2 protein chains.
Amino acid sequence: MEIFKSAKKLQSHCESLRLGGKRISFVPTMGYLHEGHLNLMREGKKFGDYLIISIFVNPAQFGPHEDLEKYPRDFVRDEKLASTAGVDAIFYPENEEMYPPNYQTYVTVEKVTQNLCGQSRPIHFRGVATICAKLFNIVKPHTAIFGKKDFQQLVTIQRMVNDLNMDLAVVGIDTTREDDGLAMSSRNAYLKKDERESALSLSRSLIKGKEMYDAGERNAGVIIKKLTEFIASHTSTKIDYVKICDTENLEDIDILSNKSVLALAVWVGSTRLIDNYVFGEPLNIK
Amino acid sequence: MEIFKSAKKLQSHCESLRLGGKRISFVPTMGYLHEGHLNLMREGKKFGDYLIISIFVNPAQFGPHEDLEKYPRDFVRDEKLASTAGVDAIFYPENEEMYPPNYQTYVTVEKVTQNLCGQSRPIHFRGVATICAKLFNIVKPHTAIFGKKDFQQLVTIQRMVNDLNMDLAVVGIDTTREDDGLAMSSRNAYLKKDERESALSLSRSLIKGKEMYDAGERNAGVIIKKLTEFIASHTSTKIDYVKICDTENLEDIDILSNKSVLALAVWVGSTRLIDNYVFGEPLNIK
């Protein structure tokens, strides 16, 4: 497994791989790898001959009062995990490599970033789109793999790739969960012992939402009201949003169809967690 | 010479060319080709094995009250000219091919687009950067050729390519001029007979600026005042700007160095013309 810190060197390596007929799969991450990331990598292996991951805590996607500084990092551990998952190369750049002095170019996806997390994190998706555009240009992947847990991120990247005519396929992979249903996230490391139980209010809300839908409920307001009360009944929770949106344009909807997504963002103590469920699909929570 | 109207088909063609070891040169244009464009193409031939031009009047770079509708177009003539210049393929897409319904992704280069044309054309460079990002992703060029007449455009594209880690070289080519010095531009077609003489106030200002610099003048304000008076002394002229800027960050400067550019934008009747001169360099006006 090779470690690249230079964008130019990795880009040149990837160009050679492509010219040699290799198919490149790519999993961008912010590190502190967990089973969810490793599942993305295992899927990535299926799509190509050469699997690259990036580990970069991207400052451009953090707001001024967010957790950029305290975001967990452990490269030594990440390197071992990546190696066991069959990763061929890690891109692990410094901040200055990605954002040199006088950096000034940003990619904005305008509509699908307005609702949901875009409301409480106004510059977040500009940062996500920009770093992905940069990484795609460096890594030149045939396929890029993203988790569906960050549903709005996946939709945003898909729109960017289509709109800017980027020559790669974007693949979304089902959310990996702890045994009790909590969606895996590097931020789960922030949760204090007593907050861990309250964190389950998210995945349990998805189950409740699915049950209501399966029982025939199609009124978004009714489901949202029920889940809002449910989440609020847990200690240390503060709802950022409980929304039901169209899966393509991410606008709020009133009446559910088979292209509706239930999306949640909830503060548990000082940790902000997200989760989502597309109505009509299977839900991998026991 | 091949004509492509589909982005996907051209992209697939270009990927095959690259895999076959070919080097692709690219000249993006808005058509209504003149000798300036043809010079870019001749230069492009030197940088690669396969020369592609695009002809697309990009709506995203025109403001609401600009000349999008009346911008001159003549594809039949352009096709003949391109063929004689050794072009291998023309990309000639419809608006809907480039900006399908629900299009929403834009590339913004923040600092170098603020001054000069960015002040009177606030969305112009966002449109330019976005269409170039799209075209580069479709055409996959090793080298993209731009004229230096649009100096701020060249600087903007170079910044975008660097910032977003795009794997191509951007080459700037000297402005091609009419015998009397007028910089070639598709917009020269708008000029009425009596405006044609006033249009020479731009190129003659460059000569005057060069003469002052060569005689030792280093005070930007002194040169700007002189040229402003000179241009204003011509009938039908209205100055948008007469500025002297740093060639890299395009910020106004007070004292000239060998990285200073004199940049002009002047309305002649209802036609807006631009021109520029980098102090210390040769000036190809007889």
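Residues numbered from 1 in each chain as written. Chains lettered and ligands numbered in written order. Predicted model: local features only at pLDDT ≥ 70, side-chain atom pairs only at ≥ 80, totals over all residues. Heavy atoms only, no water.

## Some remarks on the sheet that holds strand 9 (residues 260-268) of chain A
Residue and element names in this part refer to chain A.
No. 1: The three strands lie next to each other as 8-9-10, forming an open sheet whose pairing is antiparallel. The two strands at the open ends of the sheet, each matched to only one other strand, are strand 8 (237-246) and strand 10 (271-278). Put simply, the sheet's adjacent strands are angled 15° from each other on average, direction ignored.
No. 2: Here nine bridges tie strand 8 to strand 9, and the two strands are oriented antiparallel to one another. (Pairing = 2+ DSSP bridges. Helix = DSSP H or I, 4+ residues; strand = E, 2+ residues; numbered from the N terminus. Axes fitted to C-alpha atoms, helices over the stretch in contact; angles between N-to-C directions.)

## A look at the packing of aromatic side chains
No. 1: Counted under the stated rule, the structure contains 18 aromatic pairs over all chains.
No. 2: Between Tyr103 of chain A and Tyr106 of chain A, the aromatic rings sit 5.6 Å apart at their centres with planes inclined by 75°, giving edge-to-face as the arrangement.
No. 3: Owing to a relative accessible area of 8%, Tyr103 of chain A belongs among the buried residues under this scheme.
No. 4: Residue Tyr106 of chain A is classed as buried on the basis of its relative accessible area, which comes to 14%.
No. 5: Among the aromatic residues, ring-to-ring pairing joins Phe56, Tyr99, Tyr103 and Tyr106 of chain A into one connected group.
No. 6: Of note, Arg126 of chain A hangs over the ring of Tyr106 of chain A, and the distance from its end group to the ring centre comes to 3.7 Å.
No. 7: It is Lys134 of chain B that lies over the ring of Tyr99 of chain B; its NZ or CZ is 5.6 Å from the centre. (Phe/Tyr/Trp six-rings, centres within 6.5 Å; stacked < 30°, edge-to-face > 60°. Buried < 20%, exposed > 50% of the residue type's maximum accessible area, 1.4 Å probe, protein only. Lys NZ or Arg CZ within 6 Å of the ring centre and 35° of its normal.)

## Regarding the pattern of salt bridges
No. 1: Evaluation of the coordinates by the stated rule reveals 41 salt bridges over all chains.
No. 2: A salt bridge links Asp180 of chain A to Arg196 of chain A, with the nearest nitrogen and oxygen atoms 3.1 Å apart. Pair noted here: Asp180 of chain A is in the loop between strand 7 (169-173) and helix 8 (193-214) and Arg196 of chain A is in helix 8, with a separation of 16 residues, a long-range link.
No. 3: Of the residues examined, Asp180 of chain A reaches a relative accessible area of 32% and is grouped as partly exposed.
No. 4: Residue Arg196 of chain A is classed as partly exposed on the basis of its relative accessible area of 26%.
No. 5: The salt bridge partner of Lys140 of chain B is Glu15 of chain B, with a shortest N-O separation of 2.8 Å. One end of the pair, Lys140 of chain B, is in the loop between helix 6 (124-139) and strand 6 (143-147); the other, Glu15 of chain B, is in helix 1 (residues 7-19), and 125 residues separate them in sequence.
No. 6: Overall, the relative accessible area of 12% leaves Lys140 of chain B in the buried class. (Salt bridge = Lys/Arg side-chain N within 4 Å of Asp/Glu carboxyl O.)

## Considerations on the nonpolar core
No. 1: Formed by 104 residues in total, the largest nonpolar core has its most connected members in Phe136 and Met160 of chain A together with Phe136 and Met160 of chain B.
No. 2: Other than its neighbours up to four places away in sequence, Met160 of chain B contacts Thr105 of chain A together with Val107, Val109, Ala129, Cys132, Ala133, Phe136 and Met166 of chain B. (Core = buried A, V, L, I, M, F, W, Y, C linked by side-chain atoms within 4.5 Å. Contact = heavy atoms within 4.5 Å.)

## Section: the domain arrangement of chain A
Residues and elements named next belong to chain A.
No. 1: Segmentation of chain A into domains returns domain 1 (2-173) and domain 2 (186-278).
No. 2: On a C-alpha basis, the centroid separation for the pair domain 1 and domain 2 is 26 Å.
No. 3: Contacts between domain 1 and domain 2 engage 22 residues on the former and 21 residues on the latter.
No. 4: Interface area, domain 1 with domain 2, both sides summed: about 1,800 Å², of which 54% is carbon and sulfur.
No. 5: Summed over the three residues of domain 1 that lose the most area to domain 2, namely Asn115, Leu116 and Phe151, the buried surface amounts to 32% of that side.
No. 6: Applying the counting criterion to the domain 1 and domain 2 interface returns one salt bridge.
No. 7: With a closest N to O distance of 2.8 Å, Asp67 and Arg187 form a salt bridge.
No. 8: In this assembly, domain 1 and domain 2 are joined by eleven residue pairs in polar contact (both at pLDDT 80 or more).
No. 9: Elements that contribute at least two residues to the side of domain 1 that touches domain 2 include exactly helix 5 (117-120) and helix 7 (151-163).
No. 10: Broken down by class, the residue content of the side of domain 1 that touches domain 2 amounts to nine nonpolar, seven polar and six charged. (Domains from an automatic or database assignment. Buried area = accessible area lost by both parts, 1.4 Å probe. Polar contact = N/O pair within 3.5 Å; in protein donor to acceptor, adjacent residues only side chain to side chain. Nonpolar A, V, L, I, M, F, W, Y, C, P; charged D, E, K, R; others polar.)

## As for the relation of the copies chain A and chain B
No. 1: Taken as rigid bodies, chain A and chain B are interconverted by a rotation of 180° and an axial shift of 0.0 Å, the fit giving an RMSD of 0.0 Å. On the angle and the small slide along the axis, the relation comes out as a two-fold axis. Every residue of chain A has its C-alpha some distance from the rotation axis, and the shortest such distance is that of Val107 of chain A, at 2.3 Å.
No. 2: A shared binding surface is used by both copies, with 100% of the interface residues of chain A retained as interface residues in chain B. (Least-squares fit on C-alpha atoms with pLDDT ≥ 70 in both.)

## Brief notes about the confidence of the model for chain A
No. 1: Per-chain confidence: chain A averages 97 in pLDDT, with 100% of residues scoring 70 or above.
No. 2: The complex prediction reports pTM at 0.97, with the ipTM value standing at 0.97. (pLDDT = per-residue confidence, 0-100.)

## Things to note about the interface of chain A and chain B
No. 1: On the side of chain B, 30 residues touch chain A, which itself brings 30 residues to the contact.
No. 2: Together, the buried faces of chain A and chain B total about 2,900 Å²; carbon and sulfur atoms form 40% of this surface.
No. 3: Along the contact surface separating chain A from chain B lie six salt bridges.
No. 4: Taking the shortest distance from any N to any O, the salt bridge between Arg126 of chain A and Glu110 of chain B comes out at 2.9 Å.
No. 5: At the surface where chain A touches chain B, the tally comes to 28 residue pairs in polar contact (both at pLDDT 80 or more).
No. 6: Going through the elements one at a time, helix 1 (7-19), strand 5 (105-109), helix 6 (124-139) and helix 7 of chain A are the ones with two or more residues in the side of chain A that touches chain B.
No. 7: Here the side of chain A that touches chain B takes six residues from helix 6 of chain A, the largest share from any one element.
No. 8: For the side of chain A that touches chain B, the class distribution of residues is twelve nonpolar, eight polar and ten charged.
No. 9: Here five bridges tie strand 5 of chain A to strand 5 (residues 105-109) of chain B, and the two strands are oriented antiparallel to one another.

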